[in-house]
Amino acid sequence: MSFRVRKPTWIGLGCLLAVVAAPLAATERADLPAVVAKVNGQEIDRDQFWSLYQSYQRANPDGLGQPGKAQELEQAILERLIDATLLLQEAKRAGIEVEAEEVDAKLEALRATFPNPASFEKAVASGAYDEARLRADLGKDLAIAQLVERRIDQTIGASEDELLDWYDANRSRLIAPEEVRVNQILIQAPPDAELPTKQRARAEIEECQQLVAASGHFAEVARRRSQDPVSAPAGGDLGWFTRGGSDGGRALPEELESAAFALAAGEVSPILTSSQGYHLLYVAERRPQRTYAFEDIRGQIRGSLLEQKRQQRLAELIQSLRAQARIEIYLR
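### Section: the overall build of the protein
Here is step 1 of the chain: The helix and strand tally for the protein stands at 10 helices and 9 strands.
Here is step 2 of the chain: At a minimum sequence separation of 6, the contacts of the protein that also span at least 24 residues come to 74%.
Here is step 3 of the chain: Only carbon and sulfur atoms are counted for the fraction: they give 50% of the accessible area of the protein, which is about 17,700 Å².

### Focus on a negative patch on the surface
Here is step 1 of the chain: Where like charges cluster on the molecular surface, the negative patch consists of Glu 97, Glu 99, Glu 101 and Glu 102.
Here is step 2 of the chain: Position of Glu 101 relative to the elements: it lies in helix H3 (residues 100–111).

### A look at the side chain of His 279
Here is step 1 of the chain: One can find His 279 in strand S7 (residues 277–287).
Here is step 2 of the chain: A relative accessible area of 0% means that His 279 is categorised as buried.
Here is step 3 of the chain: A distance of 2.8 Å separates polar atoms of two side chains, one belonging to His 279 and the other to Gln 184.
Here is step 4 of the chain: A polar contact is formed between the side chain of His 279 and the side chain of Ser 274, at a distance of 2.6 Å.
Here is step 5 of the chain: The residues touching His 279, leaving out its near neighbours within four places in the chain, are Gln 184, Ile 185, Leu 186, Ile 205, Leu 256, Pro 270, Ile 271, Leu 272 and Ser 274.

### What about the sheet that holds strand S9 (residues 327–329)?
Strand pairing in a sheet relies on backbone hydrogen bonds. The paired strands run either parallel or antiparallel.
Here is step 1 of the chain: Read across the sheet, 3 strands follow the order S2-S1-S9 without closing on themselves; strand pairing throughout is antiparallel. Bordering the open sheet on either side are strand S2 (42–45) and S9, each of which pairs with just one other strand. On average, adjacent strands in this sheet sit at an angle of 20° to one another, irrespective of strand direction.
Here is step 2 of the chain: Pairing of strand S1 (residues 35–39) with S2, which is carried by 4 bridges, proceeds in the antiparallel orientation. The residue of S2 that forms the bridge with Lys 38 is Glu 43.
Here is step 3 of the chain: Lying on the sheet, helix H2 (residues 69–93) is in contact with S1, S2 and S9; it crosses S1 at an angle near 35°.

### Quick word on the side chain of Thr 242
Here is step 1 of the chain: Structurally, Thr 242 can be placed in strand S5 (residues 237–242).
Here is step 2 of the chain: Of note is the side chain of Thr 242, whose polar atom sits 2.9 Å from the backbone oxygen of Ser 246.
Here is step 3 of the chain: Setting aside anything within four residues of it in sequence, one finds Thr 242 in contact with Pro 177, Glu 178, Glu 179, Gly 249, Arg 250, Ala 251, Glu 257 and Phe 261.

### So, the packing of H3 against helix H5 (residues 131–151)
Here is step 1 of the chain: H5 packs onto H3 with a crossing angle of 110° between their chain directions and a minimal axis gap of 9 Å. Of the possible angle classes, the one that applies to H3 and H5 is roughly perpendicular. The way H3 lies across H5 gives a crossing that is right-handed. Residues Ala 100, Glu 102, Val 103, Asp 104, Lys 106, Leu 107, Leu 110 and Arg 111 of H3 form the contact with H5, whose own contacting residues are Glu 131, Leu 134, Arg 135, Leu 138, Gly 139, Leu 142 and Gln 146.
Here is step 2 of the chain: When its residues are assigned to classes, the contact of H3 with H5 shows 7 nonpolar, 2 polar and 6 charged.

### Things to note about the sheet that holds strand S6 (residues 272–273)
Here is step 1 of the chain: With respect to topology, 4 strands assemble into an open sheet ordered S5-S4-S7-S6, the strand pairing being antiparallel. The open sheet has two free edges, formed respectively by S5 and S6, since each of these has just one partner strand.
Here is step 2 of the chain: Sheet strands touched by helix H9 (residues 254–262): strand S4 (179–188), S5, S6 and S7. Its angle to S7, the strand with the most contacts, is close to 40°.

### Focus on the packing of aromatic side chains
Aromatic ring pairs: the centre-centre distance and the angle between the two ring planes describe each pair.
Here is step 1 of the chain: The tally for this structure, following the rule as stated, stands at 5 aromatic pairs.
Here is step 2 of the chain: When the centroid spacing of 4.8 Å and the interplanar angle of 15° are considered together, the rings of Trp 50 and Tyr 53 count as stacked. Within this pair, Trp 50 and its partner Tyr 53 are both found in helix H1 (residues 46–59), separated by 3 residues, close to a single helical turn.
Here is step 3 of the chain: A relative accessible area of 8% places Trp 50 in the buried class.

### So, helix H10 (residues 294–324)
Here is step 1 of the chain: Its 31 residues give H10 an end-to-end C-alpha distance of 43 Å, which sits within 8% of 45 Å, the value for a rise of 1.5 Å per residue.
Here is step 2 of the chain: Where H10 is buried, its residues touch H2, H5 and helix H6 (160–170).

### Thoughts on unusual backbone geometry
Generally, phi is negative for residues other than glycine and the peptide bonds are trans, each holding for most cases.
Here is step 1 of the chain: In this structure, Asn 40 is a non-glycine residue whose phi angle is positive, near 55°.
Here is step 2 of the chain: The backbone phi angle of Asp 247 is positive, close to 55°, even though this residue is not glycine.
Here is step 3 of the chain: What makes Asp 247 partly exposed here is its relative accessible area of 26%.

### Re the confidence of the model for the protein
Should pLDDT be low for a region, the predicted coordinates there are not to be read in detail.
Here is step 1 of the chain: Overall, the predicted model of the protein reaches an average pLDDT of 87, with 87% of residues at or above 70.
Here is step 2 of the chain: For the stretch residues 4–9, pLDDT sits under 50, and the model shows 18 contacts to residues farther than four places along the chain or on other chains.
Here is step 3 of the chain: This stretch, residues 15–26, has a pLDDT under 50; its non-local contacts, to residues over four places away or in other chains, come to 34 contacts.

Cut-offs used in this document
- Residues numbered from 1 in each chain as written.
- Predicted model: local features only at pLDDT ≥ 70, side-chain atom pairs only at ≥ 80, totals over all residues.
- Heavy atoms only, no water.
- Helix = DSSP H or I, 4+ residues; strand = E, 2+ residues; numbered from the N terminus.
- Contact = heavy atoms within 4.5 Å.
- Areas by Shrake-Rupley, 256 points an atom, 1.4 Å probe, with all protein chains shown as cover.
- Patch = residues over 30% accessible without salt bridge, like charges linked within 9 Å, V, L, I, M, F, W, Y side chains within 5 Å.
- Salt bridge = Lys/Arg side-chain N within 4 Å of Asp/Glu carboxyl O.
- Lys, Arg positive; Asp, Glu negative; His and termini not counted.
- Charge placed at Lys NZ, Arg CZ, Asp CG, Glu CD.
- Buried < 20%, exposed > 50% of the residue type's maximum accessible area, 1.4 Å probe, protein only.
- Polar contact = N/O pair within 3.5 Å; in protein donor to acceptor, adjacent residues only side chain to side chain.
- Pairing = 2+ DSSP bridges.
- Axes fitted to C-alpha atoms, helices over the stretch in contact; angles between N-to-C directions.
- Parallel < 35°, antiparallel > 145°, perpendicular 65-115°, else oblique.
- Left-handed = near helix turned anticlockwise from the far one by under 90°.
- Nonpolar A, V, L, I, M, F, W, Y, C, P; charged D, E, K, R; others polar.
- Phe/Tyr/Trp six-rings, centres within 6.5 Å; stacked < 30°, edge-to-face > 60°.
- Expected span 1.5 Å × (residues − 1).
- pLDDT = per-residue confidence, 0-100.

In structure tokens form, the structure reads like this:
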């Protein structure tokens, strides 16, 4: 089992820009009202609603074709915007103000997730956002994040007893997968290489095999002869792998995985063939399937418990704000 901390508490209104460059799944509803809702007199307009709706469409284009899915999404988007408005109103009452420099930094961090400036500009100009609206949404995200930090994060914790109780209750499913640490010697021979090239590569890997057998020093032969520019300087060390990349681990190519996991620690494989060429593998270490030790995942347990508490406290805060709010919905 892989063990992961849950996703952050609040997924921002501006965080979906990364998917807005994809094709749209549908066009705007003709009957969408100019104002879809009011929260304590503050309007949520059609543009706010439709920008966020489009972003979700792009993120999940296949899900809207099923009966009722579009209506479910509309309701979820509306509820999200109502919650965000309530939280922003509460942030304002708490005196939280977001500086322009903070928005600039957030915008630059988002821009950096794109491969180049042109792809960022294309995403912004694609229709779901313009930069002014994006900056406004990022500012809202920051205000909500500061409210959550002040009202929730600073008031919650996880004691050592809680961590141990969680570990004991979940021990049976905290299973670390079998792992192998692999070194390789690679002699390159692409699938489309001419026969003489493949023959020379085969002869070279056979020579490497003989050198390893004679010397017993796999890493030294890998440093001198392997044609993998990444692993060769480290004696062919590729690191740790799990079967199929399970539990968040790394996976070997299919052509190599079975052979690697069949080897005992200290053994060398026969010559193997992949799309890269010819390989010799050496299993330096093995880790059997085992239960994670508490100390190995203590930080992850703590992060997960804190996030659960954040989620619960945030839901309670929103519920409290909703109970006191005047919410008018015009979307039908």
